[in-house]
Structure formats: structure tokens, C-alpha cells
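One-letter residues, chain by chain:
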2 protein chains.
Amino acid sequence: MYEIPIVENVLKANDEIAATNRARIHAAGIHAINLIGSPGCGKTTLLERTLERLRDEATVGVIAGDLATARDALRLRRWTEHVVQVNTGRGCHLEAHQVRQAFDRLDLATIDLLIIENVGNLICPVGFDLGHDAKVGMFSVSEGDDKAAKHPHLVMTSDVILLNKTDLLGVVPFERRVFLDDLARLRPDVPLIELSAATGRLEPWLAWLRRLIRRAAPAAPAPV
Amino acid sequence: MYEIPIVENVLKANDEIAATNRARIHAAGIHAINLIGSPGCGKTTLLERTLERLRDEATVGVIAGDLATARDALRLRRWTEHVVQVNTGRGCHLEAHQVRQAFDRLDLATIDLLIIENVGNLICPVGFDLGHDAKVGMFSVSEGDDKAAKHPHLVMTSDVILLNKTDLLGVVPFERRVFLDDLARLRPDVPLIELSAATGRLEPWLAWLRRLIRRAAPAAPAPV
């Protein structure tokens, strides 16, 4: 009986900080993405290849969430100096206050796009607004074809769905039809981008990012 | 300030139910395993092959946790009638009361071993006692070699570590040495079992289970 109001308060506090994050991001004239996927679905490899391919046209900043280690940031730093690693300890998702803290180490004015790589987890990150403009739900072929059906909350709230590791189709068990049918049943409207970060097949994803980078950020509300 | 006591109460309530679960499991003369791994690491495939290989020597019961769908139970029912699917909705881990509920649908007296397949998640399930005797932490080659280092809490508290999908070594990027070094640094004492559920290479895992099945369950405390 006493739990529900407290959970609501936590989410309300998070939402308030997320709103200020969003205002800062838009004031810098840019957009932010919240990238959510399971451990090992290829989020960091996708970002490595993305930074590599976009480096002549856009400066991308990354906030990378993990329980422990700075390994993702070390990998990404090869491609951009605008990387902040957030270690959550036992925290199963990023919260808006951690993104706000990361802003102290990230110059929003010098980047063209902010990608927040959430903690590897298909469940807990879904409910937390970070101040992003788009939520990207990421699956991979090696996880099996049932993962969209098993994670409806992520599918229902994502602005785009990625299916990575298509180079493993035919190598590991994955019925593409099953995955597509589940997606069509849950979200017939959501764009699906199939890609293979490991082999560099990511053109539709880059095109999607380019559109987001070019789109003007919403005007900041006038100061009171 | 108000959150900590409530979290403690939740864990305390969980621990109390877990203790009664454990007493019921031991009263039935059996042991229970809590299997924890990320979505798509191969938990259900491993259980399919395990049930198949052990069916002439032991009756294994399974409680399978997922946010949604009964797909795992449907897969496992081909090999045993003793399967209960628990759907957690948005719940990111199993709790002891859900295992207790599952006991209503599972005849502990007729099984030789209980395997609890937790919700696919490397983080949240770690902190919750379900009444199990052994915690099994499962990783897979397709997730990448950094996952032990990134999930120290699971590694630190597991009784055995599984590395699945060894058939993909050489197919996907995975430096076995990196994974082994992280494991040795975190838990030099923990047994590691490398296996490939997809190709049926799981002999050391079956041997580990056989030892657990043969071991006498601790005597139940005398009734007061």
C-alpha cells in the first residue's frame, strides 16, 4: 500500500530532471537518442561503426551506461572525444540525473547529435525518460526470434526498432518471419531497420540518423 | 531518506518467503537451481537439451520466468510435463513469492531437481533469493568477451559460471582469454563450464547436475 506513491515520486522526480535535460539538449540545437538493448546485442559496435561512418559530416557525442568498467568509452574514444562513461554500480538502467551529471563532462554546444547508450537490459531502462527525443529499441539475431514478443513494453514505446547481426541469419537459429510477425502484431507502425554492425551494413540506420541531425531542434521555451 | 527502509523491507519479506521455499524444496528431498543470464544467452535451449539428455535418469521440473508469452514453457513441455511459466509483466526478475505460487502447479514430490529459469536479465535477478541451493550465472560467446567484467555482482555470487555458444568461437568476435582473465580476477575459485547447447556439447554441465541430483537434500528442520 505504501509503495505506489513512492515509486510515483521517483518517476516524477526523474521526469522533472528529464525535462530540464531535454531543454538543455534542444537549447544546444540538437537531438538525443536513448539506445536500449540487451547485453551483447551490439550497441557499442554499432556506435563504433556509426561514429566512423559519420565522422566527416557530424560530431556525435555519446553517454555510455554500464554497471562497471570504462570499456565502452575506451572503444568509442577512438572515434570521438565526446564520450562520457556512466557506471551505475548495481543500477539496472540510466536515470535522468545521471545524464544531467554527464553534461558536466560533455560540451553540448560542439556536438551535432547525442546518443545515450543505456545499460544492457531490455526491461528496466524502458520506463525512464532521460530527456531524449527518440527511443531506439535494439534486438539482435543471436538472441533468438522471440525477443520482441517477450519485451512488448520496449517494442510499444520505441520510435524505431533495430535488428542487428543479420550476418548471423542462417548461422544461428532465428526465424525472421516469427520476429516480423510479432513486431507487426505489437507495432504495425514502427519502422524496423535490419543491420549488421560487424560487417558494416548499416546504411538505413545512418540515413535515419542523418534525418535526425538535419531536423531543427524544437525552439526552447522563452525564459519566464 | 525514506526509500532505504522500504527496500530493506521488500528484501526481508522476499528472504522470508525464500526460506520457506527452500524448506519445501528440501522437504521434498531435492535441490533447486536459479539460472540467470541475459536475453538470448541460450537458457531455454540449454534446458531443452538438458531435459532431453537426462530424461532416462531424472525427472526435472522447471519454473520459467518471462515478462510475457508462454513460449519457453511450450518449448520445454516437449521434454517434461513439470513446467510452470511465470509471466512477470514489467517485472525484471523473479521474486520468491512467484516461485511459491508456482509450487501450486508443480508436484515437488515427483521431481528430482528443480531448475528456475529467471527472467532474461544479468542485473536485477542477482539480488533476490528464490529459495534455490545454487545460483548459475550464464554468459554466451555471442554477447562478447566483456560481459563478466561488466556484471561483477552476478559473477561474485554465482556457484558456477556457464559460457554457452562455444560453437560461435571464431565466428563472432570473442577473445576467450579476455573473458577468462576477467573471471580469474573476479572469482578465481568459481567453476567455469564451457558448453554449446545448440550443438549438444554439454557433458560437464550434465555431470555437475548429476552430482546435485545425487546429493542428499539437507534434512528439514524438525517441526516445532
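Residues numbered from 1 in each chain as written. Chains lettered and ligands numbered in written order. Predicted model: local features only at pLDDT ≥ 70, side-chain atom pairs only at ≥ 80, totals over all residues. Heavy atoms only, no water.

Asker: Go over the pairing of strand β5 (residues 134-140) of chain A, please, and point to the residues and values.
Answerer: Residues and elements named next belong to chain A. Summarising burial for β5: 7 of the 7 residues are buried, a large majority. Bridge analysis of strand β1 (residues 32-37) against β5 gives 5 bridges, and the strand direction is parallel. Directly across from I33, in β5, lies its bridge partner A134. (Buried < 20%, exposed > 50% of the residue type's maximum accessible area, 1.4 Å probe, protein only. Helix = DSSP H or I, 4+ residues; strand = E, 2+ residues; numbered from the N terminus. Pairing = 2+ DSSP bridges.)

Asker: I'd love a proper account of the interface of chain A and chain B, names of residues and values included.
Answerer: Each partner contributes residues to the interface: chain A has 37 residues there, and chain B has 37 residues. Surface buried jointly by chain A and chain B totals about 2,800 Å² across both partners, of which 65% is contributed by carbon and sulfur atoms. Inspection of the region where chain A meets chain B yields 6 salt bridges. On the surface where chain A and chain B come into contact, there are 10 residue pairs in polar contact (both at pLDDT 80 or more). When the residues that make up the side of chain A that touches chain B are grouped by side-chain class, the tally is 16 nonpolar, 8 polar and 13 charged. (Contact = heavy atoms within 4.5 Å. Buried area = accessible area lost by both parts, 1.4 Å probe. Salt bridge = Lys/Arg side-chain N within 4 Å of Asp/Glu carboxyl O. Polar contact = N/O pair within 3.5 Å; in protein donor to acceptor, adjacent residues only side chain to side chain. Nonpolar A, V, L, I, M, F, W, Y, C, P; charged D, E, K, R; others polar.)

Asker: Give me the packing of helix α2 (residues 43-54) of chain B against helix α8 (residues 203-214) of chain B: which residues, what numbers.
Answerer: Residues and elements named next belong to chain B. Contact geometry for α2 and α8: axes closest at 11 Å, N-to-C directions at 65°. Read as a crossing pair, α2 and α8 show a hand that is right-handed. Where α2 approaches α8, its residues L46, T50, R53 and L54 are matched on the opposing element by E203, W205, L206, L209, R210 and I213. (Axes fitted to C-alpha atoms, helices over the stretch in contact; angles between N-to-C directions. Left-handed = near helix turned anticlockwise from the far one by under 90°.)

Asker: Could you give me a rundown of unusual backbone geometry, with the residues and numbers involved?
Answerer: Located in the positive-phi region is A:T69, a residue other than glycine, with phi close to 75°. By secondary structure assignment, the location of A:T69 is in the loop between β2 (60-66) and α3 (71-76). Although it is not a glycine, B:K165 adopts a positive phi angle of roughly 65°. Structurally, the position occupied by B:K165 is in the loop between β6 (160-164) and α7 (176-186).

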